Amino acid sequence: MQTETFIHPSAVVEDGAQLGANVHVGPFCHVGPEVSIGDGTRLVSHVAISGATTIGSGCSIHPQAALGGPPQNNAHKGGRTTLTIGDNCTIREYVTMHVGTDNARGATTIGSNCTFLTYTHVGHDCVLGNNITMAAGAMLAGHVELGDNVGIGGLTGVHQFVRVGRGAFLAGGSMVIGDVLPFTLAMGNRAKLRGLNVVGLRRSGMTRSDMLILRRAYKTLFDRSRPVSENIEIAQSEFAGSPIAMEMVDFIRDRGKRLYTVPPLKGAVDDDADDQG
């Protein structure tokens, strides 16, 4: 068992880089001078980490991943910005993650226990929570915000500045251009809501009673017989005693002038499949 930091002879670790205990830097990796890597993180091979990038402990980073590159944003003037990745993240082949822009947030931040499969991309100034999974080919434009426990299917694209609430799921092959409420399922081009993310909620251990409350809140918020503003007021009153429902209500209430993802015109409320085994 490896008990100390290992750097393969073909790897380049520039002066100034900080490596924790038991870090493994495999063949043909490049680690830049402003990079910090936490204890036990493993760079398998051919990994490029540049910029002011901080990676937590226990991460696994696979060949051809490129982390900490400059933002793909012409407004960036070259100032020092950062990328921070939490602990125990798995970053598979050809994943790209960029630092922030110097005229905006200036930082890209990723939580812990996240999984990024092949060819996924996290753009500049994104903020990602914990326990996020992005399947192969999923891509986030700049300034996207993902809450904890969000799942994104393969080949899904998320438009810049979109927020995705905690526990939501974006189905594979979707194009998401508006905010997605917590605990919901969105799919399609352009994506529409298809009810609750029942599978994800069950896996997270949410009780059936809380799921039924969320279903009621969802139906109230998207009742097309009334204006959205009225639906929000009704939901605020009806679900004031339920923190889980209020998380959904507050998310849409705080949208400002942002676009948000809605159910389709037909079947505006989900089709009751959510309650089935």
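The model shown is predicted, which means the values in this text are computed figures rather than measured ones. (Residues numbered from 1 in each chain as written. Predicted model: local features only at pLDDT ≥ 70, side-chain atom pairs only at ≥ 80, totals over all residues. Heavy atoms only, no water.)

Asker: Explanation requested: the packing of helix α2 (residues 208-221) against helix α4 (residues 243-253) in the structure shown.
Answerer: When two helices pack together, you describe them by how their axes are tilted relative to each other and by the distance separating the axes. α4 packs onto α2 with a crossing angle of 25° between their chain directions and a minimal axis gap of 8 Å. Classified by the interaxial angle, the pair formed by α2 and α4 is roughly parallel. Between α2 and α4 the crossing geometry is right-handed. Residue-level inspection shows Asp210, Ile213, Leu214, Ala217, Tyr218 and Leu221 of α2 in contact with α4, the latter providing Ile244, Ala245, Met248, Val249 and Ile252. For the contact of α2 with α4, a count of residues per class yields 10 nonpolar, no polar and 1 charged. (Axes fitted to C-alpha atoms, helices over the stretch in contact; angles between N-to-C directions. Helix = DSSP H or I, 4+ residues; strand = E, 2+ residues; numbered from the N terminus. Parallel < 35°, antiparallel > 145°, perpendicular 65-115°, else oblique. Left-handed = near helix turned anticlockwise from the far one by under 90°. Contact = heavy atoms within 4.5 Å. Nonpolar A, V, L, I, M, F, W, Y, C, P; charged D, E, K, R; others polar.)

Asker: Explain the sheet that holds strand β2 (residues 12-13) to me, please; I cannot follow it from the model alone.
Answerer: Backbone-to-backbone hydrogen bonds pair the strands of a sheet. The strands run either parallel or antiparallel. The 9 strands are arranged β2-β5-β8-β11-β14-β17-β20-β23-β26 in an open sheet whose pairing can be described as parallel. Each edge of the open sheet is held by one strand with a lone partner, namely β2 and β26 (175-176). For strand β5 (residues 30-31) and strand β8 (residues 48-49), the ladder comprises 2 bridges, and the chain directions are parallel. Note on β8: the bridge partner recorded for Val31 is Ile49. (Pairing = 2+ DSSP bridges.)

Asker: Can you walk me through the nonpolar core in this structure?
Answerer: In globular proteins that are soluble, nonpolar side chains generally tend to be buried together. Core analysis: the largest hydrophobic core is formed by 69 residues, its most contacted members being Met97, Phe116, Leu128 and Leu140. At the level of secondary structure, the elements contributing two or more residues to this core comprise β12 (82-85), β28 (192-196), α1 (198-203), α2, α3 (228-238) and α4. Ranked by the residues each element gives to this core, the list is headed by α4, at 7 residues. Counting the residues that make up this core, at least three belong to each of domain 1 (6-143) and domain 2 (203-254). (Core = buried A, V, L, I, M, F, W, Y, C linked by side-chain atoms within 4.5 Å. Buried < 20%, exposed > 50% of the residue type's maximum accessible area, 1.4 Å probe, protein only. Domains from an automatic or database assignment.)

Asker: I tried to follow the pattern of salt bridges on my own but got confused; where do I start?
Answerer: Should their charged atoms come close, side chains of opposite charge can pair. By the definition in use, this model includes 9 salt bridges. For the salt bridge of Arg80 with Glu34, the shortest nitrogen-to-oxygen distance reads 2.7 Å. Here Arg80 is found in the loop between β11 (66-69) and β12, whereas its partner Glu34 is found in the loop between β5 and β6 (36-37), with 46 residues between them in sequence. For Arg226, the salt bridge is made with Asp223, and the minimal N-O distance between the two is 3.4 Å. The exposure class of Arg226 is partly exposed, given its relative accessible area of 24%. Taking the relative accessible area as the measure of exposure, Asp223 reaches 25% and is therefore partly exposed. One salt-bridge network, in which partners are shared between bridges, spans Arg163, Asp179 and Arg258. (Salt bridge = Lys/Arg side-chain N within 4 Å of Asp/Glu carboxyl O.)

Asker: What exactly am I supposed to notice about the domain arrangement of the protein here?
Answerer: It is common to give the size of an interface as the accessible area lost on bringing the parts into contact. Each assigned domain of the protein is listed with its residue range as follows: domain 1 (6-143) and domain 2 (203-254). A separation of 37 Å is found between the C-alpha centroids of domain 1 and domain 2.

Asker: Even after reading the chapter, I still don't get the packing of aromatic side chains, so can you show me in this structure?
Answerer: Aromatic rings in a pair are described by how distant their centres are and how their planes are angled relative to each other. In total, this model carries 2 aromatic pairs according to the counting rule given. Note that Arg163 overlies the ring of Phe251, its terminal NZ or CZ placed 4.0 Å from the centroid. (Phe/Tyr/Trp six-rings, centres within 6.5 Å; stacked < 30°, edge-to-face > 60°. Lys NZ or Arg CZ within 6 Å of the ring centre and 35° of its normal.)

Asker: Any chance you could explain the pairing of strand β15 (residues 107-110) here in plain terms?
Answerer: A regular strand carries its side chains on alternate faces of the sheet. Sheet topology places β12 next to β15; 4 bridges connect them, and they run parallel. Its bridge partner being in β15, Ile85 is matched across the sheet by Ile110. Looking at chain direction, β15 and strand β18 (residues 127-128) are connected through 2 bridges and run parallel. Along β18, the bridge assignment pairs Ile110 with Leu128.

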